[in-house]
Each structure stands twice: as C-alpha cells, then as structure tokens.
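Here is what each chain is made of, one letter per residue.
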Amino acid sequence: MSQTNKPYPSIFRSGTDYDLPRCENAFEKYTDFKELGSGGSGVLYSCYDQYMGRRVVMKRLPREQADDTSLRRRFLREARITAQLQHPNTPPVYEVGLDDEGQLYFSMKKIEGRNLFRIIAGIAQGKEEIIEKFTLKRLLNILNQTCQSLYYAHTHGVIHRDVKPENIMIGMFSEVILMDWGVAKVWGQHDDEAQKGSYVFDRLTSAGQRPGTPLYMSPEQVTNSRPVDARTDIFSMGVTLYEVLAQREPFRGQNIQETFANIVDFTPDPPSSIAKHFEVPEVLDDACMKAIEKDPADRHENIFELAETFRIAAEQMPE
C-alpha cells in the first residue's frame, strides 16, 4: 500500500471499542468543550460525543436569551431547517435537545478546513500556497457547489438570507458546506426578522466582527420594500462572486449606512476591470453583474442558472 493510501491507524479503533458511558441524559455524553465563536444566533463549541466516539460542533442558545420565546423559536427553526435540508453541501445535524441548564442546543458535523473568506483574503495578500491551490477553476467549482445547496433549499421552500464567504466552508477533502442557516426563511413565514431593531439588525452591528452581513444583503433586504424570495440569495451569491473575482466587495462603504446606500443606488464596475489575480472571462462578468441587479426581476431566474454558468465556465478553463 502506498503512503498516500494508508488509513489512519489509531483514531478509529480507540474511538470504537468501548462500552457506552452511563449518562443520565443525552447532553451528558458531550465532553471536552472548546468555544469556537459566537454570533447573534448562538455560541459554537467543539466537543466530544462519547456515544459515537467523534468530535462534533454544538450550537447553544446563550443564557441571556433563554427566556426569549421568539429567539428560542428561531433557534429551533434553524436546527430543524438545517436537519431537513439533507444535501451533501449542507451540514448534517445530529441532535437537538436541552443541556444540563435547560438551554437549547443542537449538534452537527464538525467541518475541518477554512472558509471562503480566508481563501479570498489569502489570494488578495499574494500568498502563493493559496493562489496555487485555489485556482479560478477550483473557486468556480466551490461556488457551483454552494449554489447546489441553495437550489436544493429553494426547491424545498427555504431561503438562506445570509450567503457570504464566511459561511462557505471548504473541508480538508475539498467538500463544500454552506453554513449558518440561522436567519433562513421558510416561504410563507412572516418577514418579522427584517424589521428594524430585530434579530437581523442585531447581527449587523455586533462589535468586533467584520460587517459581512450588510455587505451581501440585497436591496430588498435593505429597504424592506418587498417580500424577500430566492432572488435575494442570488444577489448575495453575485456579491460573493464579485469578491472571488476581484478580491473586493462591490458595495463596501465607510459605515453600514453608506454600505446600504451603495447597495440600493450604486452600480459597481465589472469585476474584470479591477481584478488583479485572475483573468476574468466576459461570461463571468455578465453573470456577476446580472446577479447583483437592483430589481430582482432582472436577476437570474433561479440559482441553478447561476450554478450552470459556474460549471460551464470552469469546464472551459485549463487544469
């Protein structure tokens, strides 16, 4: 057997040949918690599942939100939406329940790798290892897989509403996972989260975080002028494509208010006109500018159309 085909010799046997531990409730089987980060919808931890012998990611509702019925409902909605979207590019949810303090949690697959924003930043900084590994062809394949996750969600009546490079994870074995369905909307659900001062706007102004969400919001999200549908995810994918091609966001302002004004009124130059690291073909320029049209009716008919553009463009590029 060649070196590259050798299996991992120790982790599986040590994690499979023991009796189940005695736990009074389902939560007690989780140990060795390590905080990964926090956001508007919960706190993320890496922890060890003693029953299954594997590390998982757990999302827990913060203590200060425990008595907020609306936030508890949203948290449960995220867990259930993610669990029901059984697609290769959506993270598998293993369990939802209550922890030892009665707070909500759900556990899901731990993805080892890095997010697309880190890759884009590495390209912008001229890091040769990243530039060599993540060619434009490969980046288009990553975007294509992200669109496949969205297409599956859209056909099941779910809109993500927070598509951005930070939420696109690339695993160690090239798997692509669209993360964080915390502000997803099920068609027919009331747009209460879009109101000023609500959960979504709390996410926009979190101290110490890159203002990712405002940068990728669609005009209809910003103005709350019409119901949000699947075309808002198309807009966010268009902004993400622009950033992949040009290593720069098209609508960034000095602050959130200026960013919102740019999203509503400003039309950026095509990414090919400012791209420094890639030769951007016209078909990608056209796809990008169409996806970020102000009027949803002027964007792609569906996310699959954009995915097909990525697939065809990637096939025409050299290895």
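Here, the structure is the one placed above.
What counts, and at which threshold
Note on numbering: residues in each chain are counted from 1, in written sequence order. Selection of residues for local features in this predicted model requires a pLDDT of at least 70, selection of side-chain atom pairs for listing and counting requires 80 or more, and totals for whole chains, interfaces and linings are taken over all residues. The side-chain numbers reported here are obtained from all heavy atoms of the structure, hydrogens and water having been left aside. Throughout, an axis means a line fitted to C-alpha atoms (over the contacting stretch in the case of helices), and angles, computed between N-to-C directions, take values from 0 to 180 degrees. Helix and strand labels come from DSSP, where a helix needs a run of H or I of at least four residues and a strand needs a run of E of at least two; each type is numbered from the N terminus. Just so you know how the angles are binned, under 35 degrees is roughly parallel, over 145 roughly antiparallel, 65 to 115 roughly perpendicular, and the rest oblique. Throughout, a crossing is termed right-handed when the near helix is turned clockwise from the far one, and left-handed when it is turned anticlockwise from it by less than a right angle. Contact definition: two residues touch when any of their heavy atoms are within 4.5 Å. By the convention used here, strands pair only if DSSP detects at least 2 bridges between them. When a residue's accessible area, from a 1.4 Å probe over protein chains only, is under 20% of the maximum for its type it is buried; when over 50% it is exposed; and in between it is partly exposed.

### Some remarks on the packing of helix α9 (residues 231–246) against helix α12 (residues 303–315)
Helix packing for two helices is described by the angle between their axes and how far apart those axes are. Two numbers describe how α9 lies on α12: the axes approach to 10 Å, and their chain directions differ by 25°. Regarding the angle of α9 to α12, the classification is roughly parallel. Crossing angle aside, the handedness with which α9 passes α12 is left-handed. Across the interface between the two elements, Asp233, Ile234, Met237 and Leu241 from α9 touch Ile303, Leu306 and Phe310 from α12.

### Quick look at the sheet that holds strand β9 (residues 176–178)
Across the sheet, 3 strands lie side by side as β6-β8-β9; this open sheet has antiparallel pairing. Pairing within the sheet leaves two strands with one partner each, and these edge strands are β6 (113–115) and β9. Within the sheet, the average angular offset between the axes of one strand and its neighbour, ignoring direction, is 25°. Each of β6 and β8 (168–171) touches helix α3 (residues 116–124); the most contacted strand, β6, lies at about 80° to it. Relative to the sheet, helix α5 (residues 136–155) contacts β8 and β9, its axis offset from that of β9 by approximately 45°.

### As for the environment of Met169
By the element assignment, Met169 lies in strand β8. For the pair Met169 and Phe117, spaced 52 residues apart in the sequence, the C-alpha separation amounts to 9.1 Å.

### A closer look at unusual backbone geometry
Leave glycine aside and you will find that most residues have negative phi; peptide bonds, for their part, are mostly trans. Backbone geometry places Asn224, a non-glycine residue, at a positive phi of 55°. One can find Asn224 in the loop between α8 (219–223) and α9. The partly exposed category is assigned to Asn224, whose relative accessible area is 32%. Backbone geometry at Gln247 places phi at a positive 55°, although glycine is not the residue there.

Geometric descriptors of this kind do not, in isolation, establish any biological role.
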